Amino acid sequence: MRDIVRGGMLAAAAGAALAAGFAAPAMAQRDPAYAAARAEGKVGEGRDGYLAIVGQPTPALQRLVDDINIKRRAVYAKKARENNATIEEFAFTAGCQAIARTVPGEKYQGPDGSWKTRTSAPPDRDPRCP
């Protein structure tokens, strides 16, 4: 029962973070380099809640991904503290929601760790996702 309640609290907290606390990553999405990398399938949403490089990294792409992930981790840390959760728990739940928000053509990590390209169908998410 505690896990169900905790999962619900994490889902609600992740939803709040995605709505209010993702200002930094949302601003990064306006970056033309980020938008191009995402549209070209060079980056994708990882199942751990962090952006990842799909394929061959370049120094510029690595810097971009690192910058976004540093900002995400700061949001996750703050929201995890506020909700008495670990950063990893919060990041996982946020990752579930980020994958759900992908649009056709974007890359995301499936439950088995493989990279998938979103179609018009719902993404293949981890069964533990809220």
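Conventions adopted
- Residues numbered from 1 in each chain as written.
- Predicted model: local features only at pLDDT ≥ 70, side-chain atom pairs only at ≥ 80, totals over all residues.
- Heavy atoms only, no water.
- Helix = DSSP H or I, 4+ residues; strand = E, 2+ residues; numbered from the N terminus.
- Buried < 20%, exposed > 50% of the residue type's maximum accessible area, 1.4 Å probe, protein only.
- Contact = heavy atoms within 4.5 Å.
- Areas by Shrake-Rupley, 256 points an atom, 1.4 Å probe, with all protein chains shown as cover.
- Disulfide = S-S within 2.5 Å.
- Core = buried A, V, L, I, M, F, W, Y, C linked by side-chain atoms within 4.5 Å.
- Phe/Tyr/Trp six-rings, centres within 6.5 Å; stacked < 30°, edge-to-face > 60°.
- pLDDT = per-residue confidence, 0-100.
- Salt bridge = Lys/Arg side-chain N within 4 Å of Asp/Glu carboxyl O.
- Pairing = 2+ DSSP bridges.
- Axes fitted to C-alpha atoms, helices over the stretch in contact; angles between N-to-C directions.

Considering the overall build of the protein
Regarding its fold elements, the protein presents five helices and four strands. Secondary structure of the protein in N-to-C order comes out as α-α-α-β-β-α-α-β-β. The buried share of the protein, taken over its 130 residues, is 42%. Taking contacts inside the protein between residues at least 6 apart in sequence as the whole, the part at least 24 apart equals 52%. Total accessible area on the protein stands at roughly 7,100 Å², and carbon and sulfur atoms take up 57% of it.

Quick word on the state of the cysteines
With the rule as written, the count across this model stands at one disulfide. Cys96 shares a disulfide with Cys129; S-S distance 2.1 Å. The sign of the S-S torsion, about -75°, decides the handedness of the disulfide formed by Cys96 and Cys129: left-handed. One end of the pair, Cys96, is in helix α5 (residues 87–100); the other, Cys129, is in the segment after β4 (115–117), and 33 residues separate them in sequence. Each of the two residues, Cys96 as well as Cys129, counts as buried.

What about the nonpolar core?
By size, the foremost hydrophobic cluster in this structure holds nine residues: Tyr34, Ala37, Val43, Leu51, Ile53, Leu61, Leu64, Val65 and Ile68. If you list the elements that add at least two residues to this core, you get α3 (32–39), β2 (51–53) and α4 (59–82). Ranked by the residues each element gives to this core, the list is headed by α4, at four residues. Residues contacting Leu51, with those up to four places away along its chain left out, are Tyr34, Arg38, Val43, Gly44, Glu45, Val65, Ile68, Asn69 and Arg72. Residues Tyr50, Ala80, Phe90 and Ala91 belong to the second largest nonpolar core, which totals six residues.

Remarks on the packing of aromatic side chains
For the structure shown, the criterion picks out two aromatic pairs. Between Tyr76 and Phe90, the ring centres sit 6.0 Å apart and the planes meet at 55°, which makes this aromatic pair tilted. With a gap of 14 residues between them, Tyr76 in helix α4 and Phe90 in helix α5 connect regions that are remote in the sequence. Residue classification places Phe90 among the buried residues on the basis of a relative accessible area of 0%. Taken together, Tyr50, Tyr76 and Phe90 form an aromatic cluster joined through their ring pairs.

Considering the confidence of the model for the protein
Overall, the prediction assigns the protein a mean pLDDT of 84, with 78% of residues at 70 or greater. Considering only residues more than four positions removed or in separate chains, one finds that residues 1–5, a stretch of pLDDT under 50, has zero contacts.

Notes on the pattern of salt bridges
Applying the stated criterion across every chain, the model contains nine salt bridges. Beyond isolated ion pairs, a larger network of salt bridges with shared partners links Arg38, Glu45, Arg72 and Glu106.

Describing the sheet that holds β2
Strand order in the open sheet formed by four strands is β2-β1-β3-β4, and the pairing between neighbours is mixed. Strands with a single pairing partner mark the edges of an open sheet, and in this sheet they are β2 and β4. Here the average twist between neighbouring strands, direction ignored, is 40°. Two elements, strand β1 (residues 43–45) and strand β3 (residues 107–109), share two bridges in a ladder whose sense is parallel. Its bridge partner being in β3, Gly44 is matched across the sheet by Lys107.

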